[in-house]
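# Structural characterization, general
Chain by chain, the residues run as shown.
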Amino acid sequence: MPMSFSFQILGQLTVRSGAVPVELPAGKPQALLAALLLNANRLVPVDRLVDALWDEAPPRSAVANVRTYAVRVRKLLADPDTVAGSRLLGQERAYRIAVQPGELDLTEFTELAAQGRAALRAGDPSRAVERLIAALACWRDDHAGVGLPRPGGLGQRLAAVDDERLRTVEDLVDARLTLQHHEVLIGELRRTVVEHPLRERTWGQLMRALYRAGDVSGALRCFLEARAALRERMGVDPGPELRRLHAAMLARDPALDETAPCQPFAAHPGAPAFAALPVPAHRPRPEPPRQLPPGPAVLVGREPAVDAVLSAVATGARAVCVSGPPGVGASAFAVHAAHLLADRYPDGQLFVRLGTADPAAAAAHLLHSLGVADETVPRGLAARTARLRTALASRRVLLLVDGVDDVAQVRPLLPAAPGCLAVIAASRPLPTIDGVALVPLDPLSRSDAVALLLGSLGPAQDPVALDEVAAHCEGLPAALRIVVARLLGRPDRSAAACARRLRVPERRLDELRAHDLSIRESLAARCATVSAAAMDALRTLAGLPQPVTTHDLAAASTLSPDRAGDALDELVDARLVTADGTGGHRAGDLVRLFAAQMAPADV
């Protein structure tokens, strides 16, 4: 059996090997150990560790530095009883720390807190109190990782652990209130709302305790104090739960007195006071932002996608990710969907276009939009993310994000508040976002494409010519809108003339360009998101008879079958190629024309 270790992170980070304390190096190596313990028994990619250990742009040597720190930590956690000889295990570009049951205080706290909450939900407040007190007894300080540097993702994760502790204390108060310990709790709750004036749940608990103790006026006055604190520090009014509680007290709702029979309560040293939280600086409440760009004038063939978005939001999705092949109109549809949902988010609608933009700059833009003054916007992505989520915590806001190529771009901007929604237009699905509903868009059917053209150009057009134009545009709304723009800009040119020009493959991409719209540029932007190996594979695939299998691609290139399969998977993920489910892969004519015209050095 492996030798025993003790890992403690709920307070100052400490490690013991048996009964012997392990002397930990200061700085980044200790931060690396903390980041791994926060993900105990799970592989953590080196890239995520880099994000955890550096605030903004990491040094070029960041990956090498992580490996050096890992070597130092591995020696500290030497365990001759394990196959690897250490509790720190490494795989290709990832590390994992092996922790046995009972060795990590965070795991014990999490399990006990979950047991307490389960007992509370099951109607057993006495067991809930017992389990929650035991959970809080795992803490040796008010904060996790006391004294550790808190850069980047590590700071966010430690803050999340601290917040989980606060939630557990609030769960314990709920359990005590159910057991009619309200008179015992009033003094403690009065102190905690002074220390944490932004925690509405705690204000509500104090109101309930005062009300059940017979101090109705005190409970109502408590609501006014909560409202004043929230307005002064955040510029917001109390949320719906606190308002409903206030209304119920004004109406003397009998349900407020429904509690379990009174049971004795003994104070326990393992139930510490709340930890201090930073209080945001005072700011006036801004006018709700209304930043959505105009939606498409004509939208056809998207009824199923609209239904999917509305159904996802109705069932509690926190984000909607719209994606599809280049030119399919994901951005336009996302704007349309955001307009349909706007009335549900009265505190505003925000818009940001990412593309190559720095997420930290995007976060600053969103903070400005919410009324945060320039001089108070913090430096660094992690600090801006925390401030942004604080600003959104008590609001119902819709965030529209366009031009997303990778989940790392958008994740720091996503609101954590359950009353908010993010609508994301992305080059590919982003399934790793928590609570996301994926809405894939396909090219329009031929009939819908013709309907889009008729709806934009009017019924006086040649339907046969429009059908041919729709075929050459492959049902891509962006290509169809380019045709509309060109025909509207040249009243002397007919749909038949446009169809003739599109028949020439070598000219097709040149024809599908109008002002700031270009199918070639859309394809180039999407191709820029895939690897050079995938682009080489696409160029090869473009010259082969369709469909193309993995073995076809490997035989026609220098790629091994495995590498060819990886390249095809990447192209399918980027929606440059479609898979038919039987091993075949196809690229549309526009993609093939683009790939064939691009020299290797240009991609």
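Here's what I pulled together on the structure shown here.

Analysis parameters
- Residues numbered from 1 in each chain as written.
- Predicted model: local features only at pLDDT ≥ 70, side-chain atom pairs only at ≥ 80, totals over all residues.
- Heavy atoms only, no water.
- Helix = DSSP H or I, 4+ residues; strand = E, 2+ residues; numbered from the N terminus.
- Buried < 20%, exposed > 50% of the residue type's maximum accessible area, 1.4 Å probe, protein only.
- Contact = heavy atoms within 4.5 Å.
- Areas by Shrake-Rupley, 256 points an atom, 1.4 Å probe, with all protein chains shown as cover.
- Lys, Arg positive; Asp, Glu negative; His and termini not counted.
- Charge placed at Lys NZ, Arg CZ, Asp CG, Glu CD.
- Pairing = 2+ DSSP bridges.
- Core = buried A, V, L, I, M, F, W, Y, C linked by side-chain atoms within 4.5 Å.
- Axes fitted to C-alpha atoms, helices over the stretch in contact; angles between N-to-C directions.
- Left-handed = near helix turned anticlockwise from the far one by under 90°.
- Nonpolar A, V, L, I, M, F, W, Y, C, P; charged D, E, K, R; others polar.
- Expected span 1.5 Å × (residues − 1).
- Disulfide = S-S within 2.5 Å.
- Polar contact = N/O pair within 3.5 Å; in protein donor to acceptor, adjacent residues only side chain to side chain.
- Phe/Tyr/Trp six-rings, centres within 6.5 Å; stacked < 30°, edge-to-face > 60°.
- Lys NZ or Arg CZ within 6 Å of the ring centre and 35° of its normal.
- Patch = residues over 30% accessible without salt bridge, like charges linked within 9 Å, V, L, I, M, F, W, Y side chains within 5 Å.
- Salt bridge = Lys/Arg side-chain N within 4 Å of Asp/Glu carboxyl O.
- Parallel < 35°, antiparallel > 145°, perpendicular 65-115°, else oblique.
- Arc of directions from axis to C-beta.

### Digging into the overall build of the protein chain
- Along the backbone of the protein chain there are 25 helices and 15 strands.
- Seen through its C-alpha atoms, the protein chain measures out along the principal axes to roughly 85 × 65 × 45 Å.
- The buried share of the protein chain, reckoned over its 603 residues, is 49%.
- Sequence-distant contacts in the protein chain: of pairs separated by 6 or more residues, those separated by 24 or more amount to 69%.
- Approximately 27,900 Å² of the protein chain is accessible, and the part contributed by carbon and sulfur atoms is 53%.
- Put simply, the protein chain has 68 plus and 68 minus side-chain charges, and the middle of one group is 2 Å from the middle of the other.

### Thoughts on the sheet that holds strand 2 (residues 14–17)
- Ordered in space as 1-2-3, the three strands form an open sheet in which the pairing is antiparallel. Where the open sheet ends on each side, the last strands, each with one partner, are strand 1 (5–8) and strand 3 (20–21).
- Sheet topology note: the strand 2/strand 3 ladder contains two bridges and is antiparallel. Residue Ser17 lies in a different strand from strand 3, and its bridge partner there is Val20.

### Here's the deal with the nonpolar core
- With 79 residues, the main nonpolar core has Phe333, Leu398, Leu400, Val483 and Leu538 as its most contacted residues.
- Top contributing element to this core by residue count: helix 12 (residues 330–341), with seven residues.
- If we ignore the near neighbours within four places in the chain, the residues touching Val483 are Leu453, Val469, Cys473, Cys498, Leu502 and Leu512.
- Within the second largest apolar cluster, 47 residues are counted, among which are Leu13, Leu38, Leu148 and Val161.

### Topic: the pairing of strand 9 (residues 398–404)
- Within strand 9, six of the seven residues are buried, leaving the element largely enclosed by the surrounding structure.
- Pairing between strand 9 and strand 10 (residues 421–426): five bridges, direction parallel. Across the sheet, the residue bridging to Leu398 is Leu421, located in strand 10.

### Brief notes about unusual backbone geometry
- Omega for the peptide link from Gln546 to Pro547 comes to -5 degrees, which places this bond in the cis form.
- Summarising the element assignment, Pro547 is placed in the loop between helix 22 (532–542) and helix 23 (550–555).
- Non-glycine residue Asn41 carries a positive phi angle of around 65 degrees.
- Turning to its location among the elements, Asn41 is positioned in the loop between helix 1 (28–37) and strand 4 (44–45).
- According to the relative accessible area criterion, Asn41 is partly exposed, its value standing at 39%.
- Within the chain, Arg252 stands out as a residue other than glycine whose phi angle is a positive 50 degrees.

### Examining the packing of helix 17 (residues 463–472) against helix 19 (residues 495–503)
- Viewed as axis vectors pointing N to C, helix 17 and helix 19 meet at an angle of 35 degrees, and their least axial separation amounts to 8 Å. The way helix 17 lies across helix 19 gives a crossing that is left-handed. Contacts between helix 17 and helix 19 involve Ala465, Leu466, Glu468, Val469 and His472 from the former and Ala495, Ala496, Cys498, Ala499, Leu502 and Arg503 from the latter.
- Of the residues belonging to the contact of helix 17 with helix 19, the class tally is eight nonpolar, one polar and two charged.

### Points about helix 5 (residues 125–136)
- Over its 12 residues, helix 5 runs 16 Å from end to end, which matches the ideal 16 Å to within 8%, given 1.5 Å per residue.
- What helix 5 keeps buried is the set Pro125, Ala128, Val129, Arg131, Leu132, Ile133, Ala135 and Leu136.

### Observations regarding the state of the cysteines
- Inspection of the entire model under this criterion finds zero disulfides.
- No disulfide involves Cys527; its sulfur sits 18 Å from that of Cys473, the nearest cysteine.

### Describing the side chain of Arg87
- Topologically, Arg87 is positioned in the loop between helix 3 (62–76) and strand 5 (88–91).
- Within polar-contact distance, the side chain of Arg87 engages the side chain of Glu103 at 2.7 Å.

### Re the packing of aromatic side chains
- A complete count under the given rule lists two aromatic pairs for this structure.
- When the centroid spacing of 5.6 Å and the interplanar angle of 90 degrees are considered together, the rings of Phe109 and Trp139 count as edge-to-face. Placement of Phe109 in helix 4 (residues 105–121) and of Trp139 in the loop between helix 5 and helix 6 (152–178) is noted, with a sequence separation of 30 residues between them.
- We classify Phe109 as buried; its relative accessible area is 1%.
- If you follow Arg165 out to its NZ or CZ, it ends over the ring of Trp139, 5.7 Å from the centre.

### Focus on the environment of Ala98
- With respect to the secondary-structure elements, Ala98 resides in the loop between strand 6 (94–97) and helix 4.
- The class for Ala98 is buried, based on a relative accessible area of 14%.
- Spatially, the C-alpha atom of Ala98 lies 70 Å from that of Ser494, the residues being 396 residues apart in sequence.
- Among all residues touching Ala98, those that are not within four sequence positions of it are Asn41, Arg87 and Leu89.

### Things to note about a positive patch on the surface
- On the surface, a cluster of positive charge is contributed by Arg42, Arg48, Arg157 and Arg411.
- Here Arg411 shows up in the loop between helix 15 (407–410) and strand 10.

### Some thoughts on the pattern of salt bridges
- With the rule as written, the count across this model stands at 24 salt bridges.
- In this structure, the salt-bridge partner of Arg501 is Glu511, at a minimum N-O distance of 3.0 Å. Of this pair, Arg501 sits in helix 19 while Glu511 is found in helix 20 (residues 505–511), placing the two residues 10 residues apart along the sequence.
- Classification of Glu511 as buried rests on a relative accessible area of 6%.

### Let's talk about the packing of helix 2 (residues 46–53) against helix 3
- For the pair helix 2 and helix 3, interaxial distance at closest approach is 10 Å and the crossing angle is 95 degrees. Classified by the angle their axes make, helix 2 and helix 3 are roughly perpendicular. Every residue of helix 3 that contacts helix 2 at Val46, Leu49, Val50 and Leu53 is listed here: Ala62, Val63, Val66 and Tyr69.
- Split by residue class, the contact of helix 2 with helix 3 holds eight nonpolar, no polar and no charged.

### Comments concerning helix 17
- Considered for burial, the residues of helix 17 that qualify are Ala465, Leu466, Val469, Ala470 and His472. Along the axis of helix 17, the buried positions cluster into a sector of 160 degrees, meaning they face one direction only. Exposed and oriented more than 90 degrees from the buried face of helix 17 are Pro463 and Val464.
- Here the buried face of helix 17 lies against helix 16 (446–457), helix 18 (477–489), helix 19, helix 20 and helix 25 (589–597).
- The opening residue of helix 17 is Asp462, an N-cap whose side-chain oxygen sits 3.0 Å from the backbone nitrogen of Val464.
- One or two steps after helix 17, the chain reaches Glu474, where phi turns positive at roughly 55 degrees.

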